[in-house]
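Summary of structural features
The primary structure of each chain is shown beneath.
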Amino acid sequence: MLFRSKPVHLLMGMQVTKDSTCFIETLAPILSSVHAVPIREMECFAPDDIAEMARRTGITASSYDTVKDGLAAVTENAGDNGLALVAGSLYLVGEVGELLNK
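About the thresholds
- For every chain, the first residue of its written sequence is number 1, and the numbers climb from 1 along that sequence.
- Confidence filtering applies because this is a predicted model: local features only for residues at pLDDT of at least 70, side-chain atom pairs given and counted only at 80 or more, and all residues used for totals across whole chains, interfaces and linings.
- Computation of side-chain values: all heavy atoms of the structure, hydrogens and water removed.
- The axes used here are C-alpha line fits, helices contributing only the stretch in contact, and every angle between their N-to-C directions lies in the interval 0 to 180 degrees.
- In this text, helices come from DSSP runs of H or I with a minimum length of four residues, and strands from runs of E with a minimum of two, each type numbered from the N-terminal end.
- For this classification, under 35 degrees means roughly parallel, over 145 means roughly antiparallel, 65 to 115 means roughly perpendicular, and everything else is oblique.
- Crossing handedness follows the turn of the near helix against the far one: under a right angle anticlockwise gives a left-handed crossing, and clockwise gives a right-handed one.
- Contacts are residue-level and defined by heavy atoms, with any inter-residue pair within 4.5 Å sufficient.
- Under the grouping applied here, Gly and all other residues not named as nonpolar or charged are polar, the nonpolar ones being Ala, Val, Leu, Ile, Met, Phe, Trp, Tyr, Cys and Pro and the charged ones Asp, Glu, Lys and Arg.
- Here the rule is simple: two strands pair whenever DSSP picks up at least two bridges between them.
- Think of it in three bands: with a 1.4 Å probe and only protein chains considered, a residue is buried below 20% of the maximum accessible area for its type, exposed above 50%, and partly exposed in between.
- When a carboxyl oxygen of Asp or Glu is within 4 Å of a side-chain nitrogen of Lys or Arg, the pair counts as a salt bridge.

Contact geometry of helix H1 (residues 20-27) with helix H2 (residues 47-56) gives a least axis separation of 10 Å together with a crossing angle of 45°. The angle between H1 and H2 places the two elements in the oblique class. Crossing of H1 against H2: the hand is right-handed. On the side of H1, the interface is formed by Ser20, Thr21 and Ile24, while H2 contributes Ile50, Met53 and Ala54. Classifying every residue of the contact of H1 with H2 gives 4 nonpolar, 2 polar and no charged.

Taking strand neighbours across the sheet as the criterion, the 4 strands line up as E3-E2-E1-E4 in an open arrangement whose pairing is parallel. In this open sheet, the two strands that pair with only one neighbour each are strand E3 (60-63) and strand E4 (83-87). For this sheet, the mean inter-axis angle between neighbouring strands, taken without regard to orientation, is 20°. The sheet contact formed by strand E1 (residues 8-12) and strand E2 (residues 31-36) spans 5 bridges and is parallel.

Residue placement: Val8 occurs in strand E1. Residue class for Val8 comes out buried when judged on its relative accessible area of 4%. Sequence separation of Val8 and Ser33 is 25 residues, and the distance between their C-alpha atoms is 7.1 Å.

Another aspect to go through is the pattern of salt bridges. Oppositely charged side chains are able to pair whenever their charged atoms sit close together. Taken as a whole and assessed by the stated rule, the structure comprises 2 salt bridges. Put simply, Glu98 and Arg40 hold a salt bridge, and the shortest N to O gap is 3.0 Å. Here the residue Glu98 occupies a position in helix H4 (residues 90-100), and Arg40 occupies one in the loop between E2 and H2, the gap between them amounting to 58 residues. Note on Glu98: relative accessible area 42%, which makes it partly exposed. Exposure remark for Arg40: the relative accessible area of 41% places this residue in the partly exposed category. In this structure, the salt-bridge partner of Arg55 is Glu52, at a minimum N-O distance of 3.5 Å. Taken as a pair, Arg55 and Glu52 lie in helix H2 at a separation of 3 residues, close to a single helical turn. Residue Arg55 is classed as partly exposed on the basis of its relative accessible area of 40%.

Listed below in structure tokens is the structure:
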């Protein structure tokens, strides 16, 4: 993998119909942190619940009330030497795209 030597910081929001535990456990070996956020106008896992799932796998995790706040935090954590990964829902990816295009 091209990014194996770089820390990966995940911005995550996920609908309640998905298996968030499996998702986090699968990515856990490459993650340095998880930043959990809600998804606009979707029935999603509470950010606090996602953060707790991540902590149970040994990953540092935080939760945020808005995607904007979570995006700022994941970007800051990734810095110049890390990677910010947005995943969990294409709706979340779309929302991040809107914020980045402003």
